[in-house]
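Single-letter residue listing:
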Amino acid sequence: MNFFRGVMGGQTAGPQPSGAETIQKLCDRVASSTLLEDRRDAVRALKSLSKKYRMEVGTQAMDHLINILQTDRSDSEILGYALDTLYNVISNDEEEEQDENAQKQADDLGTQFTEKFIQDPEHITLLLTLLEEFDFHVRWPGVKLLTALLKNQGVQVQGIILVSPMGVSRLMDLLADSREVIRNDGLLLLQQLTKGNAAIQKIVAFENAFERLLDIITEEGSSDGGIVVEDCLLLLLNLLKNNSSNQNFFKEGSYIQRMKPWFEVGDDNSGWSAQKVTNLHLMLQLVRVMVSPVNSPGATASCQKCMYQCGLLQQLCTILMATGVPADILTETINTVSEVIRGSQVNQDYFTSVNAPSNPPRPAIVVLLMSMVNERQPFVLRCAVLYCFQCFLYKNQKGQGEIVATLLPSTIDANSISAGQLLCGGLFSADSLSNWCAAVALAHTLQDNLTQKEQLLRVQLATSLGKPPVSLLQQCTNILSQGSKVQTRVGLLMLLCTWISNCPIAVTHFLHNQDNVPFLTAQISENLGEDERLVQGLCALLLGICIYYNDNSLENYTKEKLKQLIEKRIGKENFVEKLGFITKHELYSRAALKPQPIFPSPEQMLFDHEFTRLVKELEGLITKAVHKSSEEEKKEEEVKKTLEQHDNIVTQYKELIREQDVQIQELKEKVSSMTTQTEQLQATVSQQQSQIQQHKDQYNILKLKLGKENQSQSSQGDTQVNGLQTEELAQLREELEELRRQQKLLQTQLSEKDVQIDSLVSSMAMLSCSNDFNFYFLHPLFVLFHYTISSS
Amino acid sequence: MAYAYLFKYIIIGDTGVGKSCLLLQFTDKRFQPVHDLTIGVEFGARMITIDGKQIKLQIWDTAGQESFRSITRSYYRGAAGALLVYDITRRDTFNHLTTWLEDARQHSNSNMVIMLIGNKSDLESRREVKKEEGEAFAREHGLIFMETSAKTASNVEEAFINTAKEIYEKIQEGVFDINNEANGIKIGPQHPTTNSPLSTSQGGQHAGGGCC
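How each quantity is defined
- Residues numbered from 1 in each chain as written.
- Chains lettered and ligands numbered in written order.
- Predicted model: local features only at pLDDT ≥ 70, side-chain atom pairs only at ≥ 80, totals over all residues.
- Heavy atoms only, no water.
- Buried < 20%, exposed > 50% of the residue type's maximum accessible area, 1.4 Å probe, protein only.
- Helix = DSSP H or I, 4+ residues; strand = E, 2+ residues; numbered from the N terminus.
- Patch = residues over 30% accessible without salt bridge, like charges linked within 9 Å, V, L, I, M, F, W, Y side chains within 5 Å.
- Areas by Shrake-Rupley, 256 points an atom, 1.4 Å probe, with all protein chains shown as cover.
- Salt bridge = Lys/Arg side-chain N within 4 Å of Asp/Glu carboxyl O.
- Phe/Tyr/Trp six-rings, centres within 6.5 Å; stacked < 30°, edge-to-face > 60°.
- Lys NZ or Arg CZ within 6 Å of the ring centre and 35° of its normal.
- Axes fitted to C-alpha atoms, helices over the stretch in contact; angles between N-to-C directions.
- Parallel < 35°, antiparallel > 145°, perpendicular 65-115°, else oblique.
- Left-handed = near helix turned anticlockwise from the far one by under 90°.
- Contact = heavy atoms within 4.5 Å.
- Nonpolar A, V, L, I, M, F, W, Y, C, P; charged D, E, K, R; others polar.
- pLDDT = per-residue confidence, 0-100.
- Buried area = accessible area lost by both parts, 1.4 Å probe.

**Observations concerning helix H13 (residues 209-219) of chain A**
Argument step 1. Residues of H13 of chain A that are buried include every one of Ala-209, Phe-210, Glu-211, Leu-213, Leu-214, Ile-216 and Ile-217 of chain A, and no others.
Argument step 2. Directly after H13 of chain A, the chain includes Gly-221 of chain A, whose backbone phi takes a positive value near 95 degrees.

**Digging into a nonpolar patch on the surface**
Argument step 1. Where nonpolar side chains cluster on the molecular surface, the patch consists of Ile-649, Tyr-653, Leu-656 and Ile-657 of chain A and spans about 400 Å² of accessible area.
Argument step 2. With respect to the helices, strands and loops of the structure, Leu-656 of chain A is situated in helix H36 (residues 630-711).

**A look at the packing of aromatic side chains**
Argument step 1. Enumeration over the complete set of coordinates arrives at 23 aromatic pairs over all chains.
Argument step 2. On the basis of an interplanar angle of 90 degrees and a centroid distance of 5.4 Å, the ring pair of Tyr-588 of chain A and Phe-607 of chain A is categorised as edge-to-face. Placement of the pair is Tyr-588 of chain A in helix H34 (residues 588-593) and Phe-607 of chain A in the loop between H34 and helix H35 (609-627), with a sequence separation of 19 residues.
Argument step 3. Every member of this aromatic cluster is reached through a ring pair, and the members are Phe-206, Phe-210, Phe-249, Phe-250 and Tyr-255 of chain A together with Phe-43, Trp-60 and Tyr-75 of chain B.
Argument step 4. Its end group placed over the ring of Trp-272 of chain A, Lys-276 of chain A keeps NZ or CZ at 5.1 Å from the ring centre.
Argument step 5. Against the face of Tyr-394 of chain A rests Arg-342 of chain A, its NZ or CZ located 3.8 Å from the ring centre.

**Let's talk about the packing of helix H3 (residues 36-49) of chain A against helix H4 (residues 54-71) of chain A**
Residues and elements named next belong to chain A.
Argument step 1. One can describe the packing of H3 onto H4 by two numbers: an axis separation of 10 Å at closest approach and a directional angle of 150 degrees. Here H4 runs roughly antiparallel to H3, going by the angle between their axes. At the point where H3 passes H4, the crossing takes the left-handed sense. Across the interface between the two elements, Arg-39, Val-43, Leu-46 and Leu-49 from H3 touch Arg-54, Val-57, Ala-61, Leu-65 and Ile-68 from H4.
Argument step 2. Grouping the amino acids of the contact of H3 with H4 by side-chain chemistry returns seven nonpolar, no polar and two charged.

**Focus on the pattern of salt bridges**
Residue and element names in this part refer to chain A.
Argument step 1. This structure, assessed with the given rule, holds 37 salt bridges over all chains.
Argument step 2. A salt bridge links Arg-258 to Glu-211; the shortest N-O distance between them is 3.4 Å. Of this pair, Arg-258 sits in the loop between helix H15 (244-252) and helix H16 (274-290) while Glu-211 sits in helix H13; the two residues are 47 residues apart in sequence, bridging distant segments of the chain.
Argument step 3. According to the relative accessible area criterion, Arg-258 is partly exposed, its value standing at 26%.
Argument step 4. By relative accessible area, which is 14% here, Glu-211 ends up buried.

**Some remarks on the confidence of the model for chain B**
Argument step 1. Chain-level pLDDT for chain B is 87 on average; 89% of the residues reach the 70-or-more range.
Argument step 2. In this model, residues 192-212 of chain B is a region of pLDDT below 50 whose contacts with residues beyond four sequence positions or in other chains number seven contacts.

**Here we look at the interface of chain A and chain B**
Argument step 1. The interface is formed by 21 residues belonging to chain A together with 22 residues belonging to chain B.
Argument step 2. Contact between chain A and chain B buries roughly 2,000 Å² in total, counting both sides, with carbon and sulfur atoms accounting for 52%.
Argument step 3. Here chain A and chain B share five salt bridges between them.
Argument step 4. Residue Lys-202 of chain A is joined to Glu-42 of chain B by a salt bridge in which the shortest nitrogen-to-oxygen separation is 3.3 Å.

Written out as structure tokens, the structure reads:
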């Protein structure tokens, strides 16, 4: 070993030095040696002793080692040894196979040395600076040392890192280190760093942690990946749990969408490794963190919406119905689906539509309820199914109606197993856990839903042959009085309280059975053992509800009479004390915290979260109602009456105002329609007036024209009618004129010729009265004819 | 959901100047009159459009109190833009600007765009810091300046969007290394790669103009 070579080498004979002595010598050498090699050897020797002589090295050498870190910055080897030594001294991890006592001592030692180290906050800053050193021998032990310091004194070390500039950012850079060991140990460091410190969680997220972690998870094979995936998931959980700012950032960064592929499992899911189960478990937890009922309703709602839109919910439902999925993953998937659908109508509607791949296909809800009322199923699974059912019905009046409908005579379907049938079966089975679960589940179908409370009163159950059917309400009270297990009775009493509260008709139904009130008073007044206290308290609550929501329709059980009964049989004080047994029960406040039914053991399954809310609401009211004297009650009645009168008057006036409003509205409409009509008419009138004016004008013009035309030539009018152009006309006229002139000319010539002919004829006649008369007669004609042709 | 770029902003300034209100007005378009002290840092986000591109703004609203100052410093390095806010009705918040600016310059990357904001411009009657003073301070330190009112929403959109425009221009000019996420800028998952040569060529023109 290095130590022996380095330390014993210089020693000659003599007694073996003790560990403390050797360490002291080494410390001296670290402090006084001028040669780097000597100091390095000494630190190396200290390192090799640091596990065996942890106490001695820690007390004697720490200051010297820190000094080395400050002064020997240039030699990465010595830095590495010093960091390793400090790690061995401070870390409690290496100690294995120790009994409890020794482990505790070791832990104390680690805490003690950590305190010593961080006494000067500069030491942490120094360590952060050293982490910037890229050399593996420095960075790796540096990471481990800081992790150990954080493990031992988390809060203080976190505080120092938080205020050192760029401290957190520098540590985030470790995730980008190409050397896997450093990246992986960097993850462990960041896990410790982010534990319970929201400010650091936010800075880490700001430094793109989500992106990087999701990338690493994908690179490592998602759920099939190894422990690195697990470490990434643990860190993600640290960053998101109870940190609304980071959750918002995660959602806004669209990282929810990146969770979906995590849950893509195959058909055959047998033989999952333990690591895969762990990974998936953490992945499911991450989904739940984003939609937890303790988050602000708005934030949860937007994440739920996103999970439906990106198909994450659908993927989870596939796992729900897949075969071979390990039971604990199945259970956690049910819990996750529960919170993804809780109070979100769209997601609840989708869940209704999910079918199990059975033959024939059955709704997932029915298949799940089968497990809830099945004694052989694991307890946690049954709790998960109950939670799922509750979340399905939370703020879901439609869903409540659908479940109750499967029990009603008109809508019952005898051919297939329905949710209602399963619940009734569970309610009256021999298994008290089934009784409780079914009672609570049924109570959730009635939560804040008056319609379903009244509908459920119609449910009749067939009993043994020959006997008349009995109502569901009656059957519940029957079983109650038969003195079954506490769990069964508690379940039934919670159901009855939920059912009849805020529903006077149901109260009347309940009181109608003559046996019920005597049974309750007997239960409350008796002096029973510790086990029965809760049942007594619930009986008191039930009786109280019968008073508070009583509409006095049954003469024997009016408010007044029931109160007298309490006073006579139980005593007011006693009654109130018994009522107080509910909230004083040790399991009550536990159930009041969270909606999810989680119980350490089946026997402790007693309270339902929603029911604790009902108790909170009613306890005070009932106490007041019982304490009130009849006179006070009367006064109150009167006040109520006058108030009602006032209300009536107000209502009447409101009605009047409403009527008048309607009238005014009608009149307004009339007025506006009439105005439009008038406008239209006016428009027509003015239009017509202008038309008339136009016509008048035209008439005048025509009149004028007519006068002028009369003066002018009529032929012009004719030619106009013929539509001839004036130019053409003039031309034609000229031609005509020309022709006339020619005609005249010809006529004159003709008459001249005539005269010539006449004169010629007469001269001829005069010249010869011979036989040749005919010939001469024809000859002048020929001459004339010849002349005419040549002249034209 | 798809965006071309993602910018990280921080909002800094004295306590009570209205940093959280500015964020709330920008992300939720509402105003909360009661001063609810910010513990550490709170987160908000919104999508905007610049130059036809979808840009996602992730905004970290810091606590103004002195005791949180060291925590706030961790956010400078990773931010692309900072809104430095003072209250126009409180002179001291204006006087502290130098300290804030020193802090920011020291811890941020040198390209971080800083927008100086004089908030509560609706309270004109109680004004203690003139608009000209804010403008002068901004000019002197090379900041963009605006007066806003988180109450009336006046200029709130503009303050966030103008800061983004400035960052966007710097990207176009090639000043920012967009591949280094530590600068507070991230390219969107569906960023069209065909567009980038175009935008870089535009940027080249810009840069070229500067060179010549």
